Amino acid sequence: MTSELKAPSAPAAPLPPVGLFPKLIFGSRWLQLPLYIGLIVAQAVYVLLFLKELWHLVVHSFDASEQQIMLVVLGLIDVVMISNLLVMVIVGGYETFVSRLNLSGHPDEPEWLSHVNASVLKIKLAMAIIGISSISLLRTFIEAGNLGTTRSNFTETGVMWQVLIHMTFIISAIGIAWVDRLSESGHGNKAEHG
């Protein structure tokens, strides 16, 4: 047995005292905790909705048309994408705005969590919203063959508005990414000149 001598570590510099008002302001971030718990409850509701829709798909799979099955499957995908959005908001938002999760080195740590910040979270959320909108629009397009009939759930005006809203999401996401890029290049220029 060999014993290794450890070098004495330098004493940690004492932290400056923090006043009561800054402590109160910094501690107010914990008021968001019930919001994230509420989103976890919403996630559980989406799991129940998914299981209910999956059960209907299995039970009615023999008497449903291919189009009906496709619409139910797209609905399931929509539920999963919204659930993924909830996970991003819960995990990323808590890590960014409330407290660190200390998952570093955990085998299940999400890859994106290591570089998450408010800017990255906004872009990821915008992309998830576009994905959800795309699935909804695809469902509408599949049903578009019924436009003008009593079997249609949509009107031509409704389809037009869905497309316009989807395009607004896309333009908004591009705008967010562009502003973020400008912001990053501005920080880079300050670092070079500072």
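Residues numbered from 1 in each chain as written. Predicted model: local features only at pLDDT ≥ 70, side-chain atom pairs only at ≥ 80, totals over all residues. Heavy atoms only, no water.

Caption draft 1: Just the overall build of the chain, in detail. Secondary structure assignment for the chain yields 5 helices and 0 strands. Reading the secondary structure of the chain in the N-to-C direction produces α-α-α-α-α. In the chain, buried positions account for 22% of the 194 residues. Contacts in the chain between residues far apart in sequence, at least 24 positions, make up 69% of those at least 6 positions apart. Summed over its atoms, the accessible surface of the chain is roughly 14,300 Å², and 68% of this surface lies on carbon and sulfur atoms. (Helix = DSSP H or I, 4+ residues; strand = E, 2+ residues; numbered from the N terminus. Buried < 20%, exposed > 50% of the residue type's maximum accessible area, 1.4 Å probe, protein only. Contact = heavy atoms within 4.5 Å. Areas by Shrake-Rupley, 256 points an atom, 1.4 Å probe, with all protein chains shown as cover.)

Caption draft 2: Summary view of the packing of aromatic side chains. All chains considered together, the criterion is met by 2 aromatic pairs. Summarising the aromatic geometry, the rings of Trp30 and Tyr94 are spaced 6.3 Å apart at their centres and angled 75° between planes, so their arrangement reads as edge-to-face. Taken as a pair, Trp30 in the loop between α1 (20–27) and α2 (33–59) and Tyr94 in helix α3 (residues 66–98) lie far apart in primary sequence, 64 residues in all. When its relative accessible area of 16% is taken as the criterion, Tyr94 is described as buried. Here the aromatic residues Trp30, Tyr36 and Tyr94 are joined through ring pairs into a cluster of three or more. We note Arg29 situated over the ring of Phe26; from NZ or CZ to the ring centre the distance is 3.9 Å. (Phe/Tyr/Trp six-rings, centres within 6.5 Å; stacked < 30°, edge-to-face > 60°. Lys NZ or Arg CZ within 6 Å of the ring centre and 35° of its normal.)

Caption draft 3: A look at the nonpolar core. Counting 9 residues, the largest nonpolar core consists of Ile82, Leu85, Met88, Trp112, Leu113, Val116, Leu121, Ala128 and Ile132. Elements supplying a minimum of two residues to this core: α3 and α4 (118–143). If near-sequence neighbours (up to four positions away) are discounted, Val116 is found in contact with Gly92, Glu95, Thr96 and Leu121. (Core = buried A, V, L, I, M, F, W, Y, C linked by side-chain atoms within 4.5 Å.)

Caption draft 4: The arrangement of the packing of α2 against α3 in detail. Where α2 meets α3, the closest approach of the two axes is 10 Å, and the angle between their N-to-C directions is 165°. Classified by the angle their axes make, α2 and α3 are roughly antiparallel. As for how α2 packs across α3, the hand of that crossing is left-handed. Of the residues assigned to the contact of α2 with α3, the class counts are 24 nonpolar, 3 polar and 1 charged. (Axes fitted to C-alpha atoms, helices over the stretch in contact; angles between N-to-C directions. Parallel < 35°, antiparallel > 145°, perpendicular 65-115°, else oblique. Left-handed = near helix turned anticlockwise from the far one by under 90°. Nonpolar A, V, L, I, M, F, W, Y, C, P; charged D, E, K, R; others polar.)

Caption draft 5: A look at the layout of surface pockets. Size it by volume and the largest pocket reaches roughly 270 Å³. Around the largest pocket, the lining comprises 15 residues; the ones closest to its centre are Glu53, Gln68, Ile69, Leu71 and Val72. For the lining of the largest pocket, the element with the most residues is α3, which contributes 7 residues. Classifying every residue of the lining of the largest pocket by side-chain character gives 7 nonpolar, 5 polar and 3 charged. (1 Å grid on protein atoms, 1.4 Å probe; cavity = no way out; pocket = protein on both sides within 12 Å on 5 of 7 lines; lining within 4 Å. Points joined across faces, edges and corners; volume = space filled by probe spheres on them.)

Caption draft 6: Looking closely at the side chain of His166. Topologically, His166 is positioned in helix α5 (residues 156–193). Setting aside its immediate chain neighbours within four residues, His166 contacts Ile130, Ser133, Ser134 and Leu137.

Caption draft 7: Region of the structure containing α2. Over its 27 residues, α2 runs 39 Å from end to end, which matches the ideal 39 Å to within 8%, given 1.5 Å per residue. Among all positions in α2, only Tyr36, Gln43 and Leu57 are buried. (Expected span 1.5 Å × (residues − 1).)

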